[in-house]
Every structure is written in C-alpha cells, then in structure tokens.
Amino acid sequence: MVEVLNVDSGTKEFVKVENVRSLAAEFFRMPVVTYICSLHGVIDKGVGWTTTQIDYLKSLLLYKTMIAKFEYQSISEGVHYVTLYGDDNTNMNILFGSKEGCLLDCEKTLEDYAIRNTAHRQPHPAQQERTMLTPGEVVEEKEGKAVAERVPAEVLLLNSSHVAVVQHVTNPSEFYIQTQNYTKQLNELMDTIYHLYKDSLNKGSVRIPTVGLYCAVKAADGDFYRATVTEVGETQVEVFFVDYGNTEVVNRRNLRILPAEFKKLPRLALKCTLAGVRPKDGRWSQSASAFFRKAVTDKELKVHVLAKYDSGYVVHLTDPKAEGEQQVSTLLCSSGLAEKADKPGQCKDTMHPAITPPTQYPVASPLCGNKNTGLALQVQNIFGLSQKKGRMATFKEHMFPIGSVLDVNVSFIESPSDFWCQLVYNAGLLKLLMDDIQAHYAGSEFQPNVETACVARHPGNGLWYRALAIHKHETAHVDVLFVDYGQTETVSFQDLRRISPEFLTLHGQAFRCSLWNPNDPTSAVTEWSEEAVERFKNFVDSAASNFVILKCTIYAVMCSEQKIVFNIVDLETPFESICTSMVNVMKGTPPKKAMGPSFHLDTYYYSTHSVKTGMEEEVTVTCVNNVNQFYCQLEKNADVINDLKMKVSSFCRQLENVTLPAVFGTLCFARYTDGQWYRGQIKATKPALLVHFVDYGDTIEVDKSDLLPVPREANDIMSVPVQAVVCGLSDVPANVSSEVNSWFETTATECKFRALVVAREPDGKVLVELYLGNTQINSKLKKKFQIEMHTESQASPSYLDDRKSNEMKLWNKTKSVHENGQRIKNLPTDTKKLKSTVNGTESQKESIAEKLPKLSDLPSNSVTPGMVADVYMSHCNSPLSFYVHCVRDEDHIFSLVEKLNDPNSTPETNRLKELLPVENSAGQNHIDPDALVPGSLCIARFLDDEFWYRAEVIDKNEGELSVFFLDYGNKTRVSITDVREMPPCLLKIPPQAFLCELEGFDVLCGYWESVAKVELSALIDVKLLQLTVTKLARATGTIFVQVECEGTENTSMAVDEAEPVSSKQKDQSKQIEDLISKRGA
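About the cut-offs
Residues numbered from 1 in each chain as written. Predicted model: local features only at pLDDT ≥ 70, side-chain atom pairs only at ≥ 80, totals over all residues. Heavy atoms only, no water. Helix = DSSP H or I, 4+ residues; strand = E, 2+ residues; numbered from the N terminus. Buried < 20%, exposed > 50% of the residue type's maximum accessible area, 1.4 Å probe, protein only. Contact = heavy atoms within 4.5 Å. Areas by Shrake-Rupley, 256 points an atom, 1.4 Å probe, with all protein chains shown as cover. Core = buried A, V, L, I, M, F, W, Y, C linked by side-chain atoms within 4.5 Å. Pairing = 2+ DSSP bridges. Axes fitted to C-alpha atoms, helices over the stretch in contact; angles between N-to-C directions. Phe/Tyr/Trp six-rings, centres within 6.5 Å; stacked < 30°, edge-to-face > 60°. Lys NZ or Arg CZ within 6 Å of the ring centre and 35° of its normal. Expected span 1.5 Å × (residues − 1). Arc of directions from axis to C-beta.

Colleague: Help me out: how do you make sense of the overall build of the chain in this one?
Modeller: When its secondary structure is counted, the chain shows 21 helices and 51 strands. Taken over 1081 residues, the chain has a buried fraction of 49%. Look at the contacts in the chain between residues 6 or more apart in sequence, and 69% of them connect residues 24 or more apart. Total accessible area on the chain is roughly 52,400 Å²; 51% of this is exposed by carbon and sulfur atoms.

Laid out in structure tokens, this is it:
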C-alpha cells in the first residue's frame, strides 16, 4: 500500500501499488488548481492540532463556499496564508481562533500597511473586525510556535573594519565569519542555554517542526545552539546554526523551543565573499577551497567590509600575525589557485550588490543616456545629504520584458495614465520587511546627513516606510516617494531616518504604470474622460473588495523627458479588460493626448497576435537560440511583415541622406548582414555593440555606422507590434546539450511548421508543439537524443517548478551568421525538409514509434446555430444519427478522392515519402500494426469500390480493423493490409461529413425502430435538402437540424415525439410519412 495525494482535490488515501501508474507527460500541461493553505494569524503553539480542533475546522469550512484572501505565500513552507470569509462576511480565522484560543497577538497584515488613496479606496470590513478582539482573546504565549520566523542578523556598516573569526568555509566565495562585537553576550547566552536544557531530556521539545522554525538544537558535540530548520524529514531535520554558519542533520527529538529572550541577540554568523579574487576555471577547485580554509581557520582576522550583498558581505581578510603576506586574497592568487578580479567580489558564485541600482537595458554612453523610474533619482544636497564618497545607497527597481503577464494589486492611483502596481508574489516579503522596519525604527530619533534613499514616517498613519526624497521645500519639509506603494507625500525633516543597509535588499515593490490605449498606442499619456476615470477606479475597487488578483500585461515601456519610466499596461480580471472597457466608454468622445511632459518609446509594442492556448498557428522559425528560446513569425502576419519591411527600407533611405543626432535611445534601425534595414533594439554597447532585431529574434554585433536613430516621425513604424514571437518547445527540458540545440537550430531555422500552443509563460514566452505534417518535432527531438522528461518517469511536481524557474530566465545570445556571412530575412517560400535527420534505417525505426494523428488534429468545421445550407445525405444510421454533405463542397470532396487514388495528382505525398520511406507498390505508406490504436487517423480501402478514403480507426481485432470514413459517415471492417498512413497534406482538410440529428425527438419517450432508418432514407436519399442548424452539441459534435425536402414547401422535419417502444399503436413508417406531409402544402 502507498499513500497518495490527489493534487487536484487535496485529499489523501491509501491505494494498492498495482493501482498506481506513471503520469503521462501530456497531463502535466494542466496546472494543479488546488492550493495548500494555512489560516493566517492562527498558531498551534508547537504542539500540533487535536482531533477535536480539526473536526471543528472541518465543520466550519469543508464543502462550504468561501471568499479567500491570500495574505502571502511562504515559499519555504510551500503554503499560502489566507484569511477566509464566510456568510455575512464572517472572518472564519477569527471565529476558529477565538474558540480554540490559538490567535496570534494582533499580528498586522499587509493590508494594515497599505497607504490609503482616499479618493477611491475604502478599507475592507475585515480590517474593522481585527480591532474587535478583546484582551482575553489574544494569545500571549509565543515561545512554542512552530512557524517560520525572521532572524535578524548583526549589521556591518560599509567601509567598517572588525576583528572576526571564520567559523565555516564552503569556498572563498562562501564562508561565515563571527565578529568579536558580541563575544561577551554570546558566551553568556550559550551558558544560559546549557543550564536550561542540561538536566531534562524532553523539556521544551518541539513536536511538529516546520521549515524556518527558530529553535535550540542539540548538535553532534552534545551541546545546544541556536538554529533554524532548513529541511524536515520523517525522523530527522536539517538545521542551520545561526551563530556559526554550518548545517547538520539531527534527530527531531533534539529540537527545543527557544525562549523569546534568547532571540534578542542577532544571529552572528555572517555570510561573506572574499573580495578581489575569482576562481580560475569558473568554479572553485577543492585545492583552492582547502588552501583558503587552512589560511583562515582558528585565526583572529581583520575584516574590512567593501559591499553588501543580498545575503552577505564582500570583505577583505587580513591576517595581522602572519609572517609573510597578510592579505588572504593576495596569498590565494600567488599560490596559483585563484586570479585577481577586476572589481571587488567579482565571481560567478556571488550575487549582485543590494545597493547597486539595476538598469533596464545595459546601454552606456555615448549612445544613450541613463534612465530611471524615479526610484533611483539622485537628488543632491536637498537637506544636508550625506557627502560620502562612492556610490550612494538607493533602491533596486523592477524591470519587466514586454509581454510579461504579472499578478498585481494596484497600490496607488493618480490617474489612469499614472498609477502604481505591486507584485502579488512578493506580498509575503513586503509584509516581513514592513514588520522589521516598524520594530527597527520604533522610538528612533532623527539624525542629520540622511541620504536620498531613506525611511520616512507617513503623516497619515504614523507608520514607517521606505522612501526616496525627491524635493526640498523652503520650510523644513521634503517631498518623498514611498517606493513600495507609489504615493508621494510631504513630510517633516524630523520624520526621516537613515536607512539600514538590510532594508535595501528588497526591490522597490511599486512600479509605475500607464494604461494602454489601443486606439492610439504611441501615446503614453491620454486625457481620459471623467466617466472613463471613474470606470477605472471602480474596476480597481471592485477587484480589491472581492479579493480578485489583477493580471497586468506589459505592452511597452515609455520614458519621459525627466527620464521617468512608465510601463504601458492593460489590467484584466477573468471577465474584463479595463483598457477595452475604457475605450468603449469613450467611443463617443475619443481620448485626447494630454498636454504635459513629452514621452518616447523605450521598447516596441508587444502583441499577443490573438494567439491563445489550444490554438494552432502556421509559423516560420526565424531564429533559434536553444530549444527553450526561439523566435517565430506568424503566417497570418505575412502581409504586415512585408509591408513593414518596405516602410522601414524606404524610411531609412531617407534618413541616410540627412544629418542625424549622435545620441541614441534603445530603439534604432539597424543594417543586417544582408545589407537591409530592420527595426532593432540596442542591448549592449560594451564591449561590443549588440542589436536585437525585434521582428526576427537575432541578436548580433553591428558597427555604429550600421545604426540609424528612430525619429518621432516614424509613428506608423513604431506602432506596429513586435513580429517575432518568442517560443519554447513544450515538454523538453531546459538543460539539453549543445548538440541538441545545434540540431534544432539547423533543422528548424527558416522552416515552416504548424505550432500547437500549449501554454504561455509569465514572461510572455509561448510553449508550443511543432509539427511538420504529422511529424511532431518535440517528440522526434526527444527520441533522437534519448531525452527523458522527469515527468515521464515520476510524477514530481518539483520538476515543473524547476523548469519554470529555468525558462523564466531571459537571456540574449549573439548569433553567428551562416558560412556565407548572411542570413536573408525574406519570408521563406519553401519548407525545409528534414532529409538529413530522418532518412534511412533510423527514420524507419522512428516512424514506427511515431504517434499517428488523431481526429482532434484536423481543423474543425465552422458551423453556427441558424446557418442554412443545401445538402445531400451521405449516410443514415437513424433519424437521430445521419451524415450530410454540403452541395458547395461536392467538387472539393471529389478532388479529395481523386488525390488519394491517382498517384499523379498527389505531389504533396512526396514529402511524406522523404520522412517515412516505407512504401508499397501503390506508392502509399504502410503502417506498422503496433502503431494503430483506436482513434488513429489513416486512409483505408473500401472493398465495394476498391477506392482509398480518409478514415479513423474505431476498433482493432487481430488482423482486422473497424474504421469510420471521415468524409462520408459510414463504418466498415477492413484488413490491416488495406490501411495506409494519411498524407500530411490531407491533415489540413476538415472532415467533409456532418453528423446531424433531427430536432424535436425526446429520448425519454422512446426510440426509433430500424424501419425508421429505411423510411427516412427512402424519403430523402439523393434528394436536395435544405438544412437549418438549430443548435450544436459541443461534447459529441452532433448538429441538431430541421430539414426541408426538395419539392415541398416548409416540410420541416421537426420530429414529433416517438412512441414508447412498449406501445405499437402507430406504425413508424407511417409516422415518418406524416412528419413530412403534415407541414407540407
């Protein structure tokens, strides 16, 4: 027996091993739609939940409809903390926690920190409920809570020096120091912990540890130390000793509750990277790490702090007692085990400094100027700003590639053309940050020399926020931007504080947006009507009050003259696009361009091109970086691409004849290796000038003389969205070999495919299955290189997370040109044939295992209720099941039969012969019997006329098959030797026979006897019929119809209820005659 978790329902059960199967790869495409949740603000005091408590919780929640507010996600625990609201908006967390006495001590939620936009934001009733707790309902005991806790660390100031001991070494880029700043306090703490736990084996035991728990742990040496839990197993846990930097796996019985007073001392093991060195071969060798360990262990070293990283410091280490070289980094280099780095801490194993502001595009002068969103504004000398040399502290800012789809909350609204959003994903981190800021600055006093990046007290609610000072008044006041919410306020100098370096780590959580205007996409700022503005505010309010997460799509990025960046976005709920709604509101009075600062595009426009999951598109692969990042153009946009190419070429010829400014933005026109001009985007200027050709996907090195700036007059060119759609192969791992990527590049580049859209990634990338005829490229690649997906061998959800994190990393790759130095960008007219990789014996083996096409692979017929058509009946099973041909399609049907039976008329089958060369004397392809399964498409010989027709396998019995003829509707049994593979060219044609049912028959009242089929066929066979579609049954594909027969007027075959089978009072043949005649004349 094994215990299984039903991931789509959240239930667990024990099943027999023989009843467990591996989950096929195609079933991983549908995401898990259940969420593992924990009630926010409720704790079990570290002793677990009783059966009575669990039963009470079930009675409150199970199978009840609730509103769930997702407070934040704990990545380490793998749960979502939620607040549930039941009938009459009852807070179920409080209801349960009050009765069971397990509420936290009035813990603040992220909503409590929200800055109110009084113009349109009202607090939710949930906030009012939280203030109704009585003192008796508050749980004061916190020491036993087995939940993740934030553990503050000792803070080292930049450019400061300390005496320290290296406690643990992984390599020179990752080691832990312990300064002597808290030596006395640590010794006293360790002595107290020792006496607390020495006499009792089970005193204060933690029964149910969780990842992130801060506790006392008995180590291998028999002593207790402060530690956090990093991984939990059935009997053992992995812990990190916060004062020493090492990890151990210990028995769960060795965990003890850590009293609150023992948590006051900050953690003293500080993660560091050695400055000025890097490994010689990209990774530290064992000998280098061993040499470094020997050089620093058991020594008092001088530590000088050079920079602050996300999780540690970059430091110089000096051994003052060494007889020779005292600098550890110099000693490491002189021993030949490392090499000098150009910058302090430059090493592949390190992370980016938290105080370094990122840039959206790595473009440097002289080609382009610096940009910012307002978070990195350097406002000099506005209020006694610190004049320290070197880089000033500032906030990192979010930058997103166009096409990104983000889950957001709107945090502040100035107007629809200027508002701020927050990422829902980071809500938990922001809450922890806000909690720590309140604790850190409670009772603090003003100190002079506050830098531009600071902490400010909000004048409205008295809470502390990270802020950026942007303007000084003549009075003792300054304007600040609250970088995590987007609001600007005027505050007193006395309400400013210097920001601690640890609070610079998290990105500024608010990013600036402007609504996309589909009617005028090149305009950044639109003067919306009052009705439209009110519509926008109501949209945001409704989403917030109903806890609906908004989907934010980045369509473009624009920059003002003040170099403030706006993300041009649309906000959507599952039911509404606010951009579409607002444009509809303003149909009578089109929006005007607002007077104000001038804006220019910093990117070209993104478009979905109406590509949706589940759709098929004809595409041409224009550029391949790897199997998880390649670019396609849509066949349906061929005219747009050709028109754009001509416009760009003509415009650039004019620009070449005029004097142009030498300053570029990120957008440009660039000359490709074929000598033609295309739209480009500058990706880097140093060490080489790299340009990304946005409509094709290539990124290549160009000369500055091959660039032209994009003037404002090029609006019609700028407004055309990017034509290269970034794609990745679905169900193919990210970390394939270079050989696989090279094969795919050679095979796919400039080749036309049919692409089935499987999913869309948050960064806008489309995951696809590529088909050449009925050959699936994804499958062929995996078989050729024997690539196994984790999902095929074990149903491990963690693989999906790994793949997602890998595929979310966007990177640019400099593509080498072909041997002749060119890759012409004209739309290809011929599809590349996969001769080199699918010939000979290897192709035979692959074709046998190739998955045959299914009925779902064929295009569907376009049928809508109310449609009227002239038809002939092709086959009749009963009045409830008969097939018809449209008169207008007769020539097409005859042509189809001719193609299948006249070898001279089927040049399209030549490619089939190249891909699958096993042939019979008739020139068609045999199918291996093992490949035929119910649902497989094929062509089959109909014995009555010896002609070949398109068919679907219904059943298989030894040497015989039961097949259904797609274009006629009849079934028959054929020998397996009379079946061939369907030519790829016929997979583009939908079935020509329509399954119909006469409208009006009630199956509950009886059924048609076999004589009814004979009578119906006699009445309407080979007669011209006028068919009217009344409704469609999507599940079965049945079309409910009314039929008028040739030669009568209004002879609607709306069938009366058939007699029950038990009643033979009326002859059914007579009934059919009556049905036709009763409405005749």
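Having seen it, we continue.
Colleague: What exactly am I supposed to notice about the nonpolar core here?
Modeller: Most often, soluble globular proteins keep nonpolar side chains buried together rather than apart. Counting 52 residues, the largest nonpolar core has Val408, Phe419, Phe511, Phe536, Leu571 and Phe669 as the members making the most contacts within it. The element contributing the most residues to this core is strand S27 (residues 550-560), with 6 residues. Setting aside chain neighbours within four positions, we find Leu571 in contact with Val408, Val410, Phe419, Cys421, Phe536, Phe539, Leu550, Lys551, Cys552, Glu576, Ser577 and Ile578. In terms of nonpolar packing, the next biggest core, distinct from the first, is built from 31 residues, Val455, Tyr465, Ala467 and Phe503 among them.

Colleague: How should the sheet that holds strand S37 (residues 707-709) be read in this particular structure?
Modeller: Consider a sheet: its strands pair through backbone hydrogen bonds, and that pairing is either parallel or antiparallel. Read from one edge of the open sheet, 5 strands run S36-S35-S34-S33-S37, paired in antiparallel fashion. The sheet is open, and its two edges are formed by strand S36 (699-701) and S37, each paired on a single side. Strand-to-strand twist in this sheet, taken as the mean axis angle between neighbours without regard to direction, amounts to 45°. Sheet topology places strand S33 (residues 667-671) next to S37; 3 bridges connect them, and they run antiparallel.

Colleague: I'm lost on the packing of aromatic side chains in this one. Help?
Modeller: Pairs of aromatic rings are described using the distance from one ring centre to the other and the angle between the two planes. Under the definition given, this model contains 28 aromatic pairs. Between Tyr555 and Tyr606, the ring centres sit 5.8 Å apart and the planes meet at 50°, which makes this aromatic pair tilted. Of the two residues, Tyr555 is situated in strand S27 and Tyr606 in the loop between strand S30 (599-601) and strand S31 (616-626); the sequence distance between them amounts to 51 residues. You can call Tyr606 buried: its relative accessible area is 12%. Aromatic rings pair up to connect Tyr672, Tyr678, Phe693 and Tyr696 into one cluster. When the ring centre of Tyr56 is taken as origin, the NZ or CZ atom of Lys99, which lies over that ring, is 4.6 Å away. The ring of Phe785 carries Lys784 above its face, with NZ or CZ at 5.8 Å from the centroid.

Colleague: Any chance you could explain helix H11 (residues 638-655) here in plain terms?
Modeller: It helps to recall that an α-helix has 3.6 residues per turn; residues three or four apart then point in one direction. The end-to-end C-alpha distance of H11, which contains 18 residues, comes to 26 Å, matching closely the 26 Å that a straight helix rising 1.5 Å per residue would cover. All of the buried residues in H11 are Ala638, Ile641, Leu644, Lys645, Val648, Ser649, Phe651, Cys652 and Leu655.

Colleague: Help me understand unusual backbone geometry in this model?
Modeller: Peptide bonds are mostly trans, and most non-glycine residues show a negative phi. That bond from Lys686 to Pro687 is cis: its omega, 0°, falls within 30 degrees of zero. Mapped onto the elements, Pro687 comes out in the loop between strand S34 (677-684) and strand S35 (690-693). Positive phi values are uncommon outside glycine, yet Gln786 reaches one of about 55°.

Colleague: So what exactly am I meant to see when it comes to the sheet that holds strand S42 (residues 868-878) here?
Modeller: The strand order S42-S43-S49-S51-S50 describes a closed barrel built from 5 strands, whose pairing is mixed. Between one strand axis and the next, the sheet turns by 50° as a mean value, whatever way the strands run. The sheet contact formed by strand S43 (residues 881-886) and strand S49 (residues 994-998) spans 3 bridges and is antiparallel. Bridging from a neighbouring strand, Tyr883 pairs with Leu995 of S49.

Colleague: Explanation requested: the pairing of strand S28 (residues 565-572) in the structure shown.
Modeller: Note on strand geometry: in a regular strand, side chains alternate between the two faces of the sheet. Counting buried residues along S28, 7 of its 8 residues qualify, which places the element largely inside the surrounding structure. One ladder, built from 3 bridges, connects strand S25 (residues 510-515) with S28; its direction is parallel. The partner of Ser514 across the bridge, within S28, is Ile568. Inspection of the sheet shows S27 paired to S28 by 8 bridges, in the antiparallel sense. The partner of Met558 across the bridge, within S28, is Phe566.

Colleague: Teacher, can you tell me more about the side chain of Asn93 here?
Modeller: Examined against the element boundaries, Asn93 turns out to sit in helix H2 (residues 92-100). Excluding residues that lie within four positions of it along the chain, Asn93 makes contacts with Leu39, His40, Val42, Val82, Thr83, Leu84 and Leu103.

Colleague: What am I meant to see in the environment of Val897 here?
Modeller: With respect to the secondary-structure elements, Val897 resides in helix H18 (residues 890-901). Linking Val897 and Trp948, residues 51 residues apart in sequence, is a C-alpha distance of 7.2 Å. Setting aside residues no more than four positions away along its own chain, Val897 makes contact with Phe947, Tyr949 and Tyr968.

Colleague: Explain helix H5 (residues 183-197) to me, please; I cannot follow it from the model alone.
Modeller: An ideal rise of 1.5 Å per residue puts 21 Å on 15 residues; H5 measures up with 22 Å between its terminal C-alpha atoms. Those residues of H5 lying buried are Leu186, Leu189, Met190, Ile193 and Tyr197. Projected onto a plane normal to the axis of H5, the buried residues spread over an arc of 100° and lie on a single side. Where H5 is buried, its residues touch strand S7 (174-179), strand S8 (214-218), strand S9 (224-232) and strand S12 (255-257).

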